[in-house]
Amino acid sequence: MFTGRVVIIGGGIAGITAAERLLLESECELTIIDAERHALYSRVLLPKLLEGKVTREKIFLKSPEWYANSRINWKPGELVKKIDFEKKLVITENEEFPYSAVIVASGGVPRRCEVGGVFSLQTLDDADALLVEGKKGEVGGEAVVMGGSFIAAEFLNLFKFWGRSITCLVRGEGWWNKILPPEAQSWLKNKLESEGVKVITGVERHEYLVDDYGRVTAVKTNKGVFKAEIVGEGMGVVPCADFWPEGEILVDQFLATNKPGIWGAGDAISYFDPVLKRQVRRGTWRMAKHQGEVAAGNLLGVSTVVANGNRLGAKRVAAALPVYSIRLLGMPVVFLGEVGGVATERSEVSVLAEGAGVEVRYFIGEELVGVVLIGAVDRRAEYTERLGAKYLGLNLE
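About the criteria used
Residues numbered from 1 in each chain as written. Predicted model: local features only at pLDDT ≥ 70, side-chain atom pairs only at ≥ 80, totals over all residues. Heavy atoms only, no water. Phe/Tyr/Trp six-rings, centres within 6.5 Å; stacked < 30°, edge-to-face > 60°. Buried < 20%, exposed > 50% of the residue type's maximum accessible area, 1.4 Å probe, protein only. Lys NZ or Arg CZ within 6 Å of the ring centre and 35° of its normal. Pairing = 2+ DSSP bridges. Helix = DSSP H or I, 4+ residues; strand = E, 2+ residues; numbered from the N terminus. Axes fitted to C-alpha atoms, helices over the stretch in contact; angles between N-to-C directions. Contact = heavy atoms within 4.5 Å. Salt bridge = Lys/Arg side-chain N within 4 Å of Asp/Glu carboxyl O. pLDDT = per-residue confidence, 0-100. Polar contact = N/O pair within 3.5 Å; in protein donor to acceptor, adjacent residues only side chain to side chain. 1 Å grid on protein atoms, 1.4 Å probe; cavity = no way out; pocket = protein on both sides within 12 Å on 5 of 7 lines; lining within 4 Å. Points joined across faces, edges and corners; volume = space filled by probe spheres on them. Nonpolar A, V, L, I, M, F, W, Y, C, P; charged D, E, K, R; others polar.

1. A word on the packing of aromatic side chains
Enumeration according to the criterion identifies 11 aromatic pairs in this entry. Seen from their ring centres, Phe159 and Trp162 are 6.0 Å apart, and the 35° between their planes marks the pair as tilted. The buried category is assigned to Phe159, whose relative accessible area is 0%. In this structure Trp162 comes out as buried when scored by relative accessible area, which is 13%. An aromatic cluster of at least three residues, connected via ring pairs, comprises Phe150, Trp175, Trp176, Tyr324 and Phe335. Between the NZ or CZ atom of Lys62 and the centre of the ring of Trp66, over which it lies, the distance is 4.5 Å. Note that Lys259 overlies the ring of Phe85, its terminal NZ or CZ placed 5.1 Å from the centroid.

This is the structure:
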């Protein structure tokens, strides 16, 4: 049984899932270095917290006592500054942690703006700040959503719930412009505008105008100036990888890096997808959980060490169908498999009868590799089974 020292960088779902498997199947000495101050909570439930559908206590998946009771050396609020690969040390601002193996699960952070009244929605601290803002806002006040991403969709839902007048400023021709073809973007833009949301496309640059107290009052863009009492930014997430010498953390299909004894999982990494045959990044809760479990299992396969000193007898490929779902103003939206991006070669769009929704199918050659369902999601199970079949059996080697 493995008894070495394991350091997990990151205390989100990928890191904690890895820790649970290590605790179950080894007697390792385990340290979790967590940039956040909080015990594990569900990021998926943050929008429900903001709408008052769940209490703050209900979003926590672990308590501080769980770490102590599970023999975990938990270091909340610590940032990793460097990994010394020669001395096998993970170095933070305050301490050095010797390791036998490391799992990098440091996640991602949104691109933030330090202007009053401009918010992100990635962490519990973000949600707490928004809760304070929501209590002092006025119904009908002007709100701006920056971007057309998944986080932007959550801001759209929240501001609608708060009764704000909403303007969305997006690049390209509409929401999810790197994923949806123009016809689907146009349909979605019309749908949002029918719900009273002003959608401004083709926004290439912006700056925030502020009052004497540094509080946002408007957003100035190449498309005009838009009044804003509050702004929600949803313009992407960057991996937390400042401590990694190459900048980008690349792992193979077994989630092994090119550094001996170091593995990766979750939003921080780019992994080799064995179906698509290329490096990809999947920033979803489901994928992070899957990769945390796989990385820990492969780390524990210590019977064989291959040439790079890192494979450690790994038996399982990290392979799972990418799935993400969200509601946009009450309308279900589901992403399955490989959608948009550089990997797909063409797409087909079907607008359903009576404006019920849109279905977008993505192909490489003649092979279906991904689907987006907007509005009507009746075929979700059918497409999940069809696309998921490509990944079956891969987890055994």
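2. Focus on the sheet that holds strand β25 (residues 358-364)
The strand order β22-β23-β26-β25-β24 describes an open sheet built from five strands, whose pairing is antiparallel. Strands at the two margins of the open sheet, each flanked by one partner only, are β22 (323-328) and β24 (346-351). If you compare each strand with its neighbour and ignore which way they point, the axes differ by 15° on average. Two elements, β22 and strand β23 (residues 331-337), share six bridges in a ladder whose sense is antiparallel. Opposite Ile326, over in β23, you have Val333 as the bridge partner. Here helix α8 (residues 380-388) sits on the sheet in contact with β22, β23, β25 and β26 (367-374), set at roughly 155° to β26.

3. Here we look at the pairing of β26
Here β26 lies mainly inside the structure; seven of its eight residues are buried. Bridge count for β23 against β26 is five bridges, and the pairing is antiparallel. For Leu336, the partnering residue across the bridge sits in β26 and is Val371. Here seven bridges tie β25 to β26, and the two strands are oriented antiparallel to one another. Opposite Phe363, over in β26, you have Leu368 as the bridge partner. Counted between consecutive antiparallel strands, the loop separating β25 from β26 contains two residues, among which Gly365 sits at a positive phi close to 65°.

4. Re the pattern of salt bridges
In a structure, side chains of opposite charge can pair up when their charged atoms sit close to one another. Going through the model one piece at a time under the given rule, you end up with 23 salt bridges. The shortest N-O distance in the salt bridge between Arg346 and Glu348 comes to 3.0 Å. By relative accessible area, Glu348 is classed as partly exposed at 31%. Note that Glu348 and Arg361 form a salt bridge whose closest N and O atoms lie 3.4 Å from each other. With a gap of 13 residues between them, Glu348 in strand β24 and Arg361 in strand β25 connect regions that are remote in the sequence. Under the relative-accessibility criterion, Arg361 is labelled buried at 15%. By sharing partners, the salt bridges in this structure join Arg346, Glu348, Glu359, Arg361, Glu366, Arg379 and Glu382 into a single network.

5. Some points on the environment of Pro110
Take Pro110: it is sitting in strand β8 (residues 108-110). Residue class for Pro110 comes out buried when judged on its relative accessible area of 13%. C-alpha of Pro110 to C-alpha of Val225: the two residues are 115 residues apart in sequence and 24 Å apart in space. In contact with Pro110, not counting residues within four places along its chain, are Ser120, Gln122, Gly236 and Val237.

6. Some details on the confidence of the model for the protein
Per-residue confidence for the protein averages 89 on the pLDDT scale, and 93% of its residues sit at or above 70. Confidence, read as mean pLDDT per element, is least for β8 in the protein (82) and greatest for strand β5 (residues 89-92) (98). Considering only residues more than four positions removed or in separate chains, one finds that residues 302-314, a stretch of pLDDT under 50, has 32 contacts.

7. A few points about the side chain of Gln185
Summarising the element assignment, Gln185 is placed in helix α6 (residues 182-194). Here Gly174 takes part through its backbone nitrogen, which lies 2.8 Å from a polar atom of the side chain of Gln185. Look past the residues within four positions of Gln185 in its chain and what remains in contact with it is Glu173, Gly174, Trp175, Asn177 and Leu180.

8. Side note on unusual backbone geometry
With a phi close to 50°, Trp176 is a non-glycine residue in the positive phi region. Its place among the elements puts Trp176 in the loop between β11 (165-169) and α6. Here the phi dihedral of Leu255 falls at roughly 70°; this positive angle occurs in a residue that is not glycine. Locating Leu255 in the fold gives a position in the loop between β18 (249-251) and β19 (262-264).

9. Focus: empty space enclosed by the protein
Under the criterion given, the structure shown has one cavity of 30 Å³ or more. Taken as a whole, the largest cavity holds about 50 Å³ of empty space. Surrounding the largest cavity, Val275, Leu276, Leu321, Gly337, Glu338, Val369, Lys390 and Tyr391 form its lining. Looking at the lining of the largest cavity residue by residue, the classes come out as five nonpolar, one polar and two charged.

10. A word on the sheet that holds β5
Strand order in this open sheet of three strands is β4-β5-β6, and the pairing throughout is antiparallel. The sheet terminates laterally at β4 (80-84) and β6 (96-98), the two strands that pair on one side only. Put simply, the sheet's adjacent strands are angled 20° from each other on average, direction ignored. As judged from the three bridges shared by β5 and β6, these two strands associate in the antiparallel manner. Pairing of Val90 across the sheet is with Phe97, part of β6.

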